[in-house]
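Architecture at a glance
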Amino acid sequence: MSWKATTCLAIASVLAFAPPKSSAPASRTDADDSLFTPPLLKNVSTAPRTVEVNIVAAPARLSLVPGKSTEVYAYNGQVPGPTLEVHEGDKVIIHFLNKLPEATTIHWHGIHLPAKQDGSPFDPIPPGKSHDYTFTVFPGTAGTFWYHPHLDQRTGFQIEKGLYGAFIVRPAEDPLSGIPEKLLILSDNRFQPDGSIDLPKRESPAGEVDEVNGREGNVLFVNGRVLPTIRIRSGEVQRWRIVNASAARVYKLGITGQTLLHVGTDGGLFERPIEVKDITLANSERVELLVRGTGAPGSSAALTMLPYDRYVPQTRPDDWRALHDLLKLKYSDEAPLPPVAIPQTLRHIPVLDTTKSTATRYISLSQGLINGKMMDMNRIDVTVPLGATEIWEIENIVGMDHPFHLHGFQFQVIDRNGVPEPFRSWKDVVNVPKHETVRFIVRYDDFPGKWMFHCHILDHEDHGMMGILEIKPRKRGS
Ligand code: C2O
Ligand code: CU
Ligand code: CU
């Protein structure tokens, strides 16, 4: 069935299908500080500047929602998987074993590495097989990334079964060192009454809504936990790294009664902090925030998901306007800490000069298609010479948002709907809202090979909303 036919069917069938009301199961509200510094993958190397880890993907049975046990796919038995933490310049060796009943890959989302190490759909690891990924992390690329499977047409299924984890690259010198740090991996899921993950058939009414909207779940997780509690002391400043590992959900986040300092995005820190009321995080995007403990000792607050309308009206959930608390913020009874000095300069970000651009690529996003086409593993959509600097103009020609992701290379957003981006940053995914256009600039200075670009709504990606970029090495002497 073509995408268009499916969409019409979905719109018709949604009349008879009421999306489940968001009602999170009874929450565990333990203030578990270790929850926000989740376990790291153990470095088994003794060599300097080398991180060598073991990852096994395997089926497991875990309790994701209180009182139920769920059949999942897990990295090293955990959902989310353990965090991979490295420093700029480190050599990284990942010994991966696939114990799943199906092929998979591990994609290092946002990392600048050789195409062969990217874990793209071109390099599946069959069930029962192992594979080593090796790469060296570039200087200047510190930031918050994540890892997840990327098998052709199965990425959504495997991530929704539990395969995702954070990947933190630390700089040699961190301007925010000394500020306590928390990691928040956001995800959502849906469950059957028996505790199994609700993954409807594509042809079912729910499956058809998922195919249009991207699959959303009514249970909202932070680091695999429902509504956990972060403790903070009055006056304290905390650095939060947030990863949106959801299949499709966009999180507009705020803390009532206070502003946030936005200090970084996908490819690391900004040049300086930016004060915001709330922040919108499309799926697969990351942010770094400084949260200032402006509340009184003993008080509490919440990190809340605010309404964000990314949908076509026909499949928009009935309760999209509802607010949902994701996380509780609980102030200790201790006296306020003296004010913390927050650096006003974080780092320098080199400018990608638009006058050096050698080509402009136009990319249209429609429902399920990129430039009017479905993904074909045997077709190259864009060919560029190594060393090129290009402007990509991404136009969303339909009435729902599509977050656009490019593998392997961080880019700089130039403008959104003609409005110049107010500050410079490195990004690998940019949400392109309904009927809007985003332009970015990117330089392909190394790593020839084939790279994916796609909508990061996993249902869209799996159903073919993806293309292939090939970077060709220059011929000698040219
Ligand atoms: Cu998160 Cu193609 O990747
Ligand atoms: Cu990626
Ligand atoms: Cu999309």
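Above: the structure in question.
In this report, we go over the structure that sits alongside the text. This structure is a prediction, so every number in the text was calculated from the model and none was measured.

**Description of the coordination of the copper ion (ligand 2)**
The copper ion (ligand 2) binds to the protein through His107 (NE2) and His405 (NE2); the donor distances cover 1.9 Å. On the criterion of sequence distance, the pair formed by histidine 107 in strand S5 (residues 107-109) and histidine 405 in strand S25 (residues 402-406) is long-range, its members being 298 residues apart. One exposure class covers both histidine 107 and histidine 405, and it is buried.

**Side note on the coordination of the copper ion (ligand 3)**
Protein coordination of the copper ion (ligand 3) is provided by His402 (ND1), Cys455 (SG) and His460 (ND1), with donor distances spanning 1.9 to 2.2 Å. Donor residues for the copper ion (ligand 3), ordered by position in the chain, follow H-x52-C-x4-H. Relative accessible area serves as the criterion here: at 1%, cysteine 455 is assigned to the buried category. Looking at histidine 460, the relative accessible area reads 0%, which means it is buried.

**What about the pairing of strand S20 (residues 324-331)?**
For a regular strand, the rule is simple: side chains alternate between the two faces of the sheet. Here 4 bridges tie strand S12 (residues 229-232) to S20, and the two strands are oriented parallel to one another. Looking at S20, one finds that arginine 231 is bridged to lysine 330.

**A closer look at the pattern of salt bridges**
Applying the stated criterion to the full structure yields 32 salt bridges. One salt bridge connects lysine 356 with aspartate 353, and the closest N-O pair in it is separated by 3.4 Å. Judged by its relative accessible area of 55%, lysine 356 falls in the exposed class. Where salt bridges share partners, they join Glu85, Arg170, Asp174, Glu181, Arg239, Arg241 and Glu288 into one cluster.

**Focus: the environment of aspartate 445**
Inspection of the secondary structure assignment puts aspartate 445 in the loop between strand S29 (437-443) and strand S30 (449-455). Along the backbone, aspartate 445 and leucine 386 are 59 residues apart, and their C-alpha atoms lie at a distance of 6.0 Å. Excluding residues within four positions of it along the chain, aspartate 445 makes contact with His112, Leu386, Gly387 and Phe409.

**Digging into empty space enclosed by the protein**
Throughout the structure, instances matching the rule amount to 4 cavities of 30 Å³ or more. What lines the second largest cavity is a set of 15 residues, and nearest its centre among them are Ile159, Tyr164, Ser187, Asp188 and Asn189. At the level of elements, helix H2 (155-160) and strand S9 (181-189) are the ones that each hand at least two residues to the lining of the second largest cavity. The element contributing the most residues to the lining of the second largest cavity is S9, with 3 residues. Considered class by class, the residues forming the lining of the second largest cavity number 7 nonpolar, 5 polar and 3 charged.

**Observations regarding the sheet that holds strand S24 (residues 389-396)**
The strand order S22-S21-S24-S29-S26-S27 describes an open sheet built from 6 strands, whose pairing is mixed. Strands with a single pairing partner mark the edges of an open sheet, and in this sheet they are strand S22 (369-370) and strand S27 (419-420). Summarising the sheet, strand S26 (residues 412-416) and S27 pair through 2 bridges and their orientation is antiparallel. Of the residues in S27, the one forming a bridge with aspartate 415 is proline 420.

**As for the nonpolar core**
Ile55, Leu84, Trp108, Trp392, Phe404 and Leu469 are the most contacted members of the largest nonpolar core, which has 58 residues in total. The residues contacting leucine 84, other than those within four sequence positions of it, are Leu41, Val51, Val53, Val92, Ile94, Trp108, Tyr147, Ala166, Phe167 and Ile168. By size, the runner-up hydrophobic cluster in this structure holds 26 residues, among which are Trp240, Val287, Leu289 and Leu329.

**Quick notes on the layout of surface pockets**
Space inside the largest pocket adds up to approximately 550 Å³. Sorting the residues of the lining of the largest pocket by element identifies strand S15 (260-265), strand S16 (268-276), strand S17 (279-281) and strand S18 (286-292) as the ones contributing at least two each. Along the lines of polarity and charge, the residues of the lining of the largest pocket split into 12 nonpolar, 6 polar and 7 charged. A volume near 420 Å³ is recorded for the second largest pocket. Along the wall of the second largest pocket there are 17 residues; nearest its centre are His112, Thr141, Gln410, Trp426 and Asp445. Residue classes in the lining of the second largest pocket are distributed as 7 nonpolar, 7 polar and 3 charged.

**So, the side chain of histidine 109**
Within the secondary structure layout, histidine 109 lies in strand S5. Relative accessible area serves as the criterion here: at 0%, histidine 109 is assigned to the buried category. Engagement of the side chain of histidine 109 in a polar contact is seen with the side chain of arginine 286, the distance being 3.2 Å.

**Remarks on the sheet that holds strand S4 (residues 91-98)**
If you walk across this open sheet you meet the 4 strands as S2-S1-S4-S6, and the pairing is mixed. In this open sheet, the two edge strands, each paired with only one partner strand, are strand S2 (70-75) and strand S6 (130-136). Going from strand to strand, the sheet's axes swing by 15° on average, the running direction of each strand aside. Relative to S6, S4 runs antiparallel, the two sharing 7 bridges. Across the sheet, residue isoleucine 93 finds its bridge partner in S6, namely threonine 134.

**Observations regarding the side chain of serine 284**
Topologically, serine 284 is positioned in the loop between S17 and S18. In contact with serine 284, other than residues within four places in its own chain, are His109, Trp146, Asn244, Val429 and His456.

What counts, and at which threshold
- Residues numbered from 1 in each chain as written.
- Chains lettered and ligands numbered in written order.
- Predicted model: local features only at pLDDT ≥ 70, side-chain atom pairs only at ≥ 80, totals over all residues.
- Heavy atoms only, no water.
- Donors = N, O, S within 2.8 Å, 3.2 Å for Na, K, Ca; no water.
- Helix = DSSP H or I, 4+ residues; strand = E, 2+ residues; numbered from the N terminus.
- Buried < 20%, exposed > 50% of the residue type's maximum accessible area, 1.4 Å probe, protein only.
- Pairing = 2+ DSSP bridges.
- Salt bridge = Lys/Arg side-chain N within 4 Å of Asp/Glu carboxyl O.
- Contact = heavy atoms within 4.5 Å.
- 1 Å grid on protein atoms, 1.4 Å probe; cavity = no way out; pocket = protein on both sides within 12 Å on 5 of 7 lines; lining within 4 Å.
- Points joined across faces, edges and corners; volume = space filled by probe spheres on them.
- Nonpolar A, V, L, I, M, F, W, Y, C, P; charged D, E, K, R; others polar.
- Core = buried A, V, L, I, M, F, W, Y, C linked by side-chain atoms within 4.5 Å.
- Polar contact = N/O pair within 3.5 Å; in protein donor to acceptor, adjacent residues only side chain to side chain.
- Axes fitted to C-alpha atoms, helices over the stretch in contact; angles between N-to-C directions.

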